[in-house]
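# What the coordinates show
As a plain string of letters, each chain reads:
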Amino acid sequence: MLLDTASLYFRAYFGVPDSVRAPDGTPVNAVRGLLDFISRLVADHSPDDLVACMDADWRPQWRVDLIPSYKAHRVAEEICEGSDIEEVPDTLSPQVPVIEAVLDAVGIARVGVPGYEADDVIGTLAGRAAGPVDIVTGDRDLFQLVDDARGVRVLYPLKGVGSLDIVDGAWLRGKYGVDGSGYADLALLRGDPSDGLPGVPGIGEKTAAKLLDAYGDLAGIMAAAGDPASKLTPSQRKRLDEARAYVAVAPKVVRVAGDVPLPSYDPELPREPHDPEVLEALAERWGLGGSLQRLLTTLS
């Protein structure tokens, strides 16, 4: 089981009231919500291994170099030598180091790699996995990793993590008309305002799906745009031709990396805390109460 950790703690932050606070009054709704999410996921799906994948770089420069608008609207502060600072709710940012410390003390593997997003870590881990993989995320970008032959699916939370869409090949074909490998091409053509990806103007989701069905993949569509005998409409041909510069670089931005240099880690779920003393101090300092106890009980 691979967790898109930021996706889940954002969901916890907005789903759990900020009246959930530490003894000193600091909000810990994201921390406690995430611990409850992990407990529920482990209880419901019984993974052997679990990795909390982290955004060591939420907006990698190599993606920005290709498409400067990539996540630009989320930048709170530009940093000349280093990663730009993401606009995050004031009471969420201080909770992230607490989440990291608690996961480490519990003994849940936490993997982030400088220069890469959590999506890239997930893509690399999923590609290397020998057995079935469940990816837990609220981000549709990771639908591109769905692979029935390898048993890779996405658990897409609808409400909390108790109610999930199980995203496999059949689900994708029913919803979008593509399989996992086609989803990245669909997303590229459609665009995604939340990630600052412009897409091809005039090519929406349904049109993109029809084009992929007719021409197979992005390369086939662009070949058809250059073929006067193809059945593309004049407006589609014009829009695709005008978007060739974007289409040339967008695949590297949209597709998750599969070759991230991973550090050593132990994905096996712990049955008891890795560092009980540190965990006890964190629990007392941040008032983690029942959320932490439920997770420890589930793990044991």
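Up top you'll find the structure we're talking about.
Now for a quick tour of the structure. (Residues numbered from 1 in each chain as written. Predicted model: local features only at pLDDT ≥ 70, side-chain atom pairs only at ≥ 80, totals over all residues. Heavy atoms only, no water.)

## What about the pattern of salt bridges?
For the coordinates displayed, the defined rule picks out 14 salt bridges. Between R285 and D24 there is a salt bridge, with the nearest N and O atoms lying 3.1 Å from each other. Here R285, found in helix 12 (residues 276-286), pairs with D24, found in the loop between helix 1 (5-15) and helix 2 (29-45); they are 261 residues apart in sequence, far enough to count as distant. By relative accessible area, which is 40% here, R285 ends up partly exposed. Two residues, R244 and D241, come together in a salt bridge whose shortest N-O distance is 3.0 Å. A relative accessible area of 33% means that R244 is categorised as partly exposed. Connected via shared salt-bridge partners are R63, K71, E117 and D120. (Salt bridge = Lys/Arg side-chain N within 4 Å of Asp/Glu carboxyl O. Helix = DSSP H or I, 4+ residues; strand = E, 2+ residues; numbered from the N terminus. Buried < 20%, exposed > 50% of the residue type's maximum accessible area, 1.4 Å probe, protein only.)

## A short note on the side chain of S7
Position of S7 among the secondary structure elements: in helix 1. Since its relative accessible area comes to 16%, S7 is described here as buried. Residues within four places of S7 in sequence aside, it is in contact with T137, G138 and D139. (Contact = heavy atoms within 4.5 Å.)

## What to know about a negative patch on the surface
On the surface, a cluster of negative charge is contributed by D48, D49, D266 and E268. Here D266 shows up in the loop between helix 11 (244-254) and helix 12. Residue D266 is classed as exposed on the basis of its relative accessible area of 53%. (Patch = residues over 30% accessible without salt bridge, like charges linked within 9 Å, V, L, I, M, F, W, Y side chains within 5 Å. Areas by Shrake-Rupley, 256 points an atom, 1.4 Å probe, with all protein chains shown as cover. Lys, Arg positive; Asp, Glu negative; His and termini not counted. Charge placed at Lys NZ, Arg CZ, Asp CG, Glu CD.)

Any functional reading would require information that these geometric values do not contain.
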